[in-house]
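# Secondary and tertiary structure notes
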Amino acid sequence: MPDDAPRRTRQTMADRLTVDLRAHILQGHFEPGARLREETIGAQFGAGRGPVREALSRLAERGLLRNQPYSGYSMRDLRVVDIRNYYSVRETIELLAIRQCWPLRDRNFKSNLHRLHTRLVAAVQARDTIRSIAAEADFHAAVYIASGNEPLLRSWELLACYRDLYYVTLRRLRAHTDHPPAPMNASHQNLLDTLTGDDIEAALSETREHLRLGLDQFEQAQEEHAERAGEFHWNTDNRIGR
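First, a word on scope: everything that follows refers to the structure included in this document. (Residues numbered from 1 in each chain as written. Predicted model: local features only at pLDDT ≥ 70, side-chain atom pairs only at ≥ 80, totals over all residues. Heavy atoms only, no water.)

With that settled, consider the packing of aromatic side chains. Think of a pair of aromatic rings as described by two things: how far the centres are apart, and how the planes are tilted against each other in angle. Tallied over the entire structure, the rule returns six aromatic pairs. Aromatic pair Tyr-86 and Tyr-162: ring centres 6.2 Å apart, planes at 15°, arrangement stacked. Taken together, the residues Tyr-86 in helix H4 (residues 80–101) and Tyr-162 in helix H8 (residues 160–173) connect sequence positions 76 residues apart. With a centroid separation of 5.9 Å and 70° between ring planes, the pair formed by Tyr-87 and Tyr-166 is classed as edge-to-face. Taken together, the positions of Tyr-87 in helix H4 and Tyr-166 in helix H8 put the pair 79 residues apart, joining distant regions of the chain. On the basis of relative accessibility, which here comes to 9%, the residue Tyr-87 falls in the buried class. Tyr-166 sits in the buried class, given a relative accessible area of 4%. Among the aromatic residues, those joined into a ring-pair cluster are Tyr-86, Tyr-87, Tyr-162, Tyr-166, Tyr-167 and Phe-218. The ring of Trp-102 carries the charged tip of Arg-105 above its face, separated from the ring centre by 3.5 Å. Cation over ring: Arg-163 sits above Trp-156, and NZ or CZ is 3.9 Å from the ring centre. (Phe/Tyr/Trp six-rings, centres within 6.5 Å; stacked < 30°, edge-to-face > 60°. Helix = DSSP H or I, 4+ residues; strand = E, 2+ residues; numbered from the N terminus. Buried < 20%, exposed > 50% of the residue type's maximum accessible area, 1.4 Å probe, protein only. Lys NZ or Arg CZ within 6 Å of the ring centre and 35° of its normal.)

Okay, structure coming up:
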C-alpha cells in the first residue's frame, strides 16, 4: 500500500497554517488590498509551497481573500455597502431563527446559552481578539442551531467572512484609540436575558437593537478616525482605504 504519510503531514500543515493566517488577518497584520505572496508567507510561517497554497485557497473560499488570475491572493477590500448589506441580511435571518427556535427552547438550550455567554465575557475581559470573535459567533449561532433549520444555519455560516472583515476593519479604524473592537458585553447580557425569558417580542426587539448598535459602532469609529487623523476616507466607490 502507498504511504500517504507525506500527504497527511501536508494536510496537517495546511490546517495549522489556515488557522495562523486567519489569526494574522483578524489581528490586522495585512493592509486592505495587500498581496499575500506565497514565498513570503512560506518563509514567515516556515511552510512549504503546497500547504501555503492550500491555506490561501481555503481563506479565499471563506471570503477573506481574493484570488485574481495572474495576480494571486490579496486581502479583500471592504465596502460600506458590504457592512450595511451584512447587517440587513443578518437581521432578517436572526429574527427568523429566534421565531423558529422559540417553542423549541428547553433547559439545555438556556444552560448552553449561559455557558456561551460566560465564555464570551471571559474572552472580552482577557482582550483576546481571536477568542472573542469565536465566542461571539458561537453565542449567536445558538438560536440558529436550536431552530433545527439547516438552510438557515448554513446562511448564518456563509456570513462568517463578513463578521471577520467587520472586526478587521474596525480594529484598523480604532488602532490609535483606547477602544479596541470587542463584542458589546452589556448588549449581550440583555440578549441572554431576553432569549432565555418568556417574551419573544422583547427578544426580537433586543436583537434588532443589538445589531443596530453593531452597525452604529462601525460607522462611528470611521467618523472618529477620519476626524482624528484623516488617514482613512470613503472613496467614491465606497471602499475603505488610505
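So, on to unusual backbone geometry. Excluding glycine, residues mostly have negative phi values, and the peptide bonds linking residues are mostly trans. Despite not being glycine, Tyr-70 has its phi angle at roughly 70°, a positive value. Topologically, Tyr-70 is positioned in the loop between strand E2 (65–68) and strand E3 (72–75). Of the residues examined, Tyr-70 reaches a relative accessible area of 86% and is grouped as exposed. Even without glycine at this site, Arg-127 takes up a positive phi of about 55°.

Quick look at the pairing of E3 now. The pairing of strand E1 (residues 35–36) with E3 spans two bridges and is antiparallel. Paired with Arg-35 across the two strands is Ser-74, which belongs to E3. Sheet topology places E2 next to E3; four bridges connect them, and they run antiparallel. Among the inter-strand pairings, Gln-68 is bridged to a residue of E3, identified as Gly-72. Where E2 hands over to E3, the hairpin turn is made up of three residues, of which Tyr-70 adopts a positive phi near 70°. (Pairing = 2+ DSSP bridges.)

One can find His-117 in helix H5 (residues 107–125). Accessibility expressed as a relative area gives 7% for His-117, which makes it buried.

Moving on: the pattern of salt bridges. Pairing between side chains of opposite charge can happen when their charged atoms approach one another. Tallying each qualifying case throughout the model produces 12 salt bridges. Residue Arg-58 is joined to Asp-15 by a salt bridge in which the shortest nitrogen-to-oxygen separation is 2.6 Å. Here Asp-15 lies in helix H1 (residues 5–26) and Arg-58 lies in helix H3 (residues 49–61), a separation of 43 residues in the sequence. On the accessibility criterion, Arg-58 (17% relative accessible area) is buried. Between Glu-209 and Arg-212 there is a salt bridge, with its nearest N and O atoms 2.5 Å apart. One end of the pair is Glu-209 and the other is Arg-212, both in helix H10 (residues 200–228) and three residues apart, which spans about a single turn. Given the relative accessible area of 38%, Arg-212 is considered partly exposed. Each of Asp-15, Glu-54 and Arg-58 takes part in a single network of salt bridges with overlapping partners. (Salt bridge = Lys/Arg side-chain N within 4 Å of Asp/Glu carboxyl O.)

Direction vectors running N to C along helix H6 (residues 129–147) and H8 enclose 140°, while the axes themselves pass 11 Å from each other. Comparing their axes, H8 and H6 come out oblique. The way H6 lies across H8 gives a crossing that is right-handed. Packed against H6, whose contacting residues are Thr-129, Ile-133, Glu-136 and Ala-137, the element H8 presents Arg-163, Asp-164, Tyr-167 and Arg-171 at the interface. Residues belonging to the contact of H6 with H8 are distributed by class as follows: three nonpolar, one polar and four charged. (Axes fitted to C-alpha atoms, helices over the stretch in contact; angles between N-to-C directions. Parallel < 35°, antiparallel > 145°, perpendicular 65-115°, else oblique. Left-handed = near helix turned anticlockwise from the far one by under 90°. Contact = heavy atoms within 4.5 Å. Nonpolar A, V, L, I, M, F, W, Y, C, P; charged D, E, K, R; others polar.)

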